[in-house]
Amino acid sequence: QVQLVESGGGLVQPGDSLTLSCAASGRTFSTYAMGWSRQAPGKEREFAASITRGGGSTYYADSVKGRFTISRDNAKNTVYLQMNSLKPEDTASYYCAASYVLHPRGLADFGSWGQGTQVTVSS
């Protein structure tokens, strides 16, 4: 099973940008589609973005579409989430996840999760 470790979270101001990284262990990273989800305080975890094994296709939740970009580097076993135009409502713990589903579209498609990294957007 793949092990995932997120990094890059922090405190930023509204309108700022931030890039999250997720490093995966093992040699089979390229066999997984990858994704990001988030969970705000007092709310359920929600799907944010996903990317196919080769990186050729991405999918976003409406809440982040146009502002967030998911990408991956299979040579580095790493997936990224570039977040632009951050809003206070983006404040959440962000989790990286791996999936055997070719085109994951929701939380149920993911089987392995990281421990999360906190993003706080506040002035």
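Preceding this section is the structure that the text describes.
Residues numbered from 1 in each chain as written. Predicted model: local features only at pLDDT ≥ 70, side-chain atom pairs only at ≥ 80, totals over all residues. Heavy atoms only, no water.

J.: I'd love a proper account of the pattern of salt bridges, names of residues and values included.
T.: Across all of its chains, the model carries four salt bridges by this definition. Each of Arg-38, Glu-46, Arg-67 and Asp-90 takes part in salt bridges that share partners, so that together they form one network. (Salt bridge = Lys/Arg side-chain N within 4 Å of Asp/Glu carboxyl O.)

J.: Lay out the state of the cysteines in plain terms, naming residues and giving numbers.
T.: A complete count under the given rule lists one disulfide for this structure. Note that Cys-22 is cross-linked by a disulfide to Cys-96, the S-S spacing being 2.1 Å. An S-S torsion of about -75° defines the bridge between Cys-22 and Cys-96 as left-handed. Here Cys-96 lies in strand 9 (residues 92–99) and Cys-22 lies in strand 3 (residues 18–24), a separation of 74 residues in the sequence. (Disulfide = S-S within 2.5 Å. Helix = DSSP H or I, 4+ residues; strand = E, 2+ residues; numbered from the N terminus.)

J.: With reference to specific residues and values, describe the environment of Tyr-32.
T.: Its location among the elements puts Tyr-32 in the loop between strand 3 and strand 4 (33–39). The buried category is assigned to Tyr-32, whose relative accessible area is 5%. In the structure, Tyr-32 is positioned 69 residues away from Val-101 in sequence and 7.8 Å away in space, judged by C-alpha atoms. (Buried < 20%, exposed > 50% of the residue type's maximum accessible area, 1.4 Å probe, protein only.)

J.: Would you mind going over the side chain of Thr-117 in detail, with residue names and values included?
T.: Take Thr-117: it is sitting in strand 11 (residues 117–121). Polar contacts involving the side chain of Thr-117 include one to the main-chain amide nitrogen of Gly-9, which spans 3.1 Å. Not counting residues within four places of it along the chain, the set of residues in contact with Thr-117 comprises Glu-6, Ser-7, Gly-8, Gly-9, Leu-20, Ala-92, Ser-93 and Tyr-94. (Polar contact = N/O pair within 3.5 Å; in protein donor to acceptor, adjacent residues only side chain to side chain. Contact = heavy atoms within 4.5 Å.)

J.: Give a description of the sheet that holds strand 8 (residues 78–83) that names residues and reports values.
T.: On the basis of which strands lie adjacent, the open sheet formed by four strands has the order 1-3-8-7 and antiparallel pairing. Each edge of the open sheet is held by one strand with a lone partner, namely strand 1 (4–7) and strand 7 (68–73). Strand-to-strand, the axes of this sheet are offset by a mean angle of 15°, without reference to chain direction. When strand 7 meets strand 8, the two strands line up antiparallel, connected through six bridges. From the neighbouring strand, Asp-73 faces strand 8, where its bridge partner is Thr-78. (Pairing = 2+ DSSP bridges. Axes fitted to C-alpha atoms, helices over the stretch in contact; angles between N-to-C directions.)

J.: I'd love a proper account of the packing of aromatic side chains, names of residues and values included.
T.: Going through the model one piece at a time under the given rule, you end up with four aromatic pairs. For the pair Phe-47 and Tyr-59, a centre-to-centre distance of 5.8 Å together with 40° between the ring planes defines the contact as tilted. Of the two residues, Phe-47 sits in strand 5 (residues 46–51) while Tyr-59 sits in strand 6 (residues 58–60), which places them 12 residues apart along the sequence. On the numbers, 6.3 Å between centres and 25° between planes, the contact of Phe-47 with Phe-110 is stacked. Of this pair, Phe-47 sits in strand 5 while Phe-110 sits in the loop between strand 9 and strand 10 (112–113), placing them 63 residues apart in sequence. The class of Phe-110 is buried, set by a relative accessible area of 9%. Taken together, the ring pairs connect Phe-47, Tyr-59, Phe-110 and Trp-113 into an aromatic cluster. Geometry around Tyr-95 places Arg-45 over its ring, the cationic atom sitting 3.7 Å from the centre. (Phe/Tyr/Trp six-rings, centres within 6.5 Å; stacked < 30°, edge-to-face > 60°. Lys NZ or Arg CZ within 6 Å of the ring centre and 35° of its normal.)

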